[in-house]
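Residue strings, one per chain:
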Amino acid sequence: MRKRFVALAVATVLLTTACGSAATPTPASTAAGSPGASQPAASQPAAVVTLTLRYCWGGEGEVKAMEKVIQAWNSAHPEIQVKGISGNIKTEEVAAAVAGGAPPDMVIMCDNGAIAGFAHDKVIMPLDDILTKIGADKSDIIPASLKWLTYQGKLYGLPFVQDT
């Protein structure tokens, strides 16, 4: 089974760091300065990565707001583009997509109660190592929100919004 991030939209930021976009220049075919030497080839732009984000909101205002967030991301990060798919998404749909080999790259669930099951079944990956690598500061996130997304001491998601 392919492991994919089934995390919250905020995790998109993490993927930028994890994927990187630096292109490696191609060396010249002969030594510089020798007769007939060619100049080093210009570096090739990195291939664009497109990620699918399923999110649970379907109301007109909610979709417009989320698409605005996605458009802002896509404008700021041309190397990693996000395609949003709105509408109620159920735990069973995510599990079926994973079992079928075509899971979304990221999911914003309106009910994070599925986190423990997904983590146990290795449907999702812990974010701890990535968060440490990029020096993420979680100190301004409500501790109970983080606990809700934790399974066996590992963090498997990030809160996107908080309700009362």
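These figures come from a predicted structure and were not determined experimentally.

1. With respect to the packing of aromatic side chains
Then comes step 1: Summed over all chains, the structure comprises 3 aromatic pairs.
Then comes step 2: Ring centres of Y55 and W57 lie 6.1 Å apart, and the angle between their planes is 45°; this geometry places the pair in the tilted category. A single burial state applies to Y55 and to W57, both of which are buried.
Then comes step 3: Consider the rings of Y151 and Y156, whose centres lie 6.4 Å apart with planes at 65°: the pair is edge-to-face. Each member of the pair, Y151 as well as Y156, is classed as buried.
Then comes step 4: An aromatic cluster is present here, built from Y55, W57 and F160 joined pairwise through their rings.

2. As for the sheet that holds strand β2 (residues 80–85)
Then comes step 1: Strands sit in the order β2-β1-β3 across an open sheet of 3 strands; the sheet is parallel. Looking at strand neighbours, the two that pair on one side only are β2 and β3 (106–108), the edges of this open sheet. Along the sheet, successive strands turn relative to each other by an average axial angle of 25°, direction set aside.
Then comes step 2: The sheet contact formed by strand β1 (residues 49–55) and β2 spans 6 bridges and is parallel. Counted as the bridge partner of L51 is V82 from β2.

3. Quick look at the side chain of N74
Then comes step 1: The topology assignment puts N74 in helix α2 (residues 60–76).
Then comes step 2: On the basis of relative accessibility, which here comes to 16%, the residue N74 falls in the buried class.
Then comes step 3: Setting aside chain neighbours within four positions, we find N74 in contact with I80, Q81 and V82.

4. Here we look at the pattern of salt bridges
Then comes step 1: Applying the stated criterion across every chain yields a total of 2 salt bridges.
Then comes step 2: Residues E93 and R54 are paired through a salt bridge, measuring 4.0 Å at the closest nitrogen-oxygen approach. You can see E93 sitting in helix α3 (residues 91–99) and its partner R54 sitting in strand β1, a full 39 residues away along the chain.
Then comes step 3: On the basis of relative accessible area, R54 is assigned to the buried category, the value being 16%.

5. Re α2
Then comes step 1: Given a rise of 1.5 Å per residue, 17 residues ought to cover 24 Å, and the 24 Å separating the end C-alpha atoms of α2 matches this to within 8%.
Then comes step 2: Here α2 has its buried residues at V63, M66, I70, W73 and N74. Projected down its long axis, α2 carries its buried residues within an arc of 95°, all on one side. Away from its buried face, by an angle of more than 90 degrees, α2 presents the exposed residues E60, K64, K68, S75 and A76.

6. Some thoughts on the environment of A99
Then comes step 1: Inspection of the secondary structure assignment puts A99 in helix α3.
Then comes step 2: For A99, a relative accessible area of 67% translates into the label exposed.

7. Some words on the state of the cysteines
Then comes step 1: Counted by the stated rule, this structure contains 1 disulfide.
Then comes step 2: Shown here is the disulfide that connects C56 with C110, its sulfur atoms set 1.7 Å apart. Between C56 and C110, the S-S torsion sits near 70°, and that sign places the bridge as right-handed. On the criterion of sequence distance, the pair formed by C56 in the loop between β1 and α2 and C110 in the loop between β3 and α4 (115–120) is long-range, its members being 54 residues apart.

8. Focus: the confidence of the model for the chain
Then comes step 1: When pLDDT is averaged along the chain, the result is 76, and 71% of the positions lie at 70 or above.
Then comes step 2: Across residues 1–38, confidence stays below pLDDT 50; counting only partners more than four residues off in sequence or on other chains, it has 82 contacts.

What counts and what doesn't
- Residues numbered from 1 in each chain as written.
- Predicted model: local features only at pLDDT ≥ 70, side-chain atom pairs only at ≥ 80, totals over all residues.
- Heavy atoms only, no water.
- Phe/Tyr/Trp six-rings, centres within 6.5 Å; stacked < 30°, edge-to-face > 60°.
- Buried < 20%, exposed > 50% of the residue type's maximum accessible area, 1.4 Å probe, protein only.
- Pairing = 2+ DSSP bridges.
- Helix = DSSP H or I, 4+ residues; strand = E, 2+ residues; numbered from the N terminus.
- Axes fitted to C-alpha atoms, helices over the stretch in contact; angles between N-to-C directions.
- Contact = heavy atoms within 4.5 Å.
- Salt bridge = Lys/Arg side-chain N within 4 Å of Asp/Glu carboxyl O.
- Expected span 1.5 Å × (residues − 1).
- Arc of directions from axis to C-beta.
- Disulfide = S-S within 2.5 Å.
- pLDDT = per-residue confidence, 0-100.

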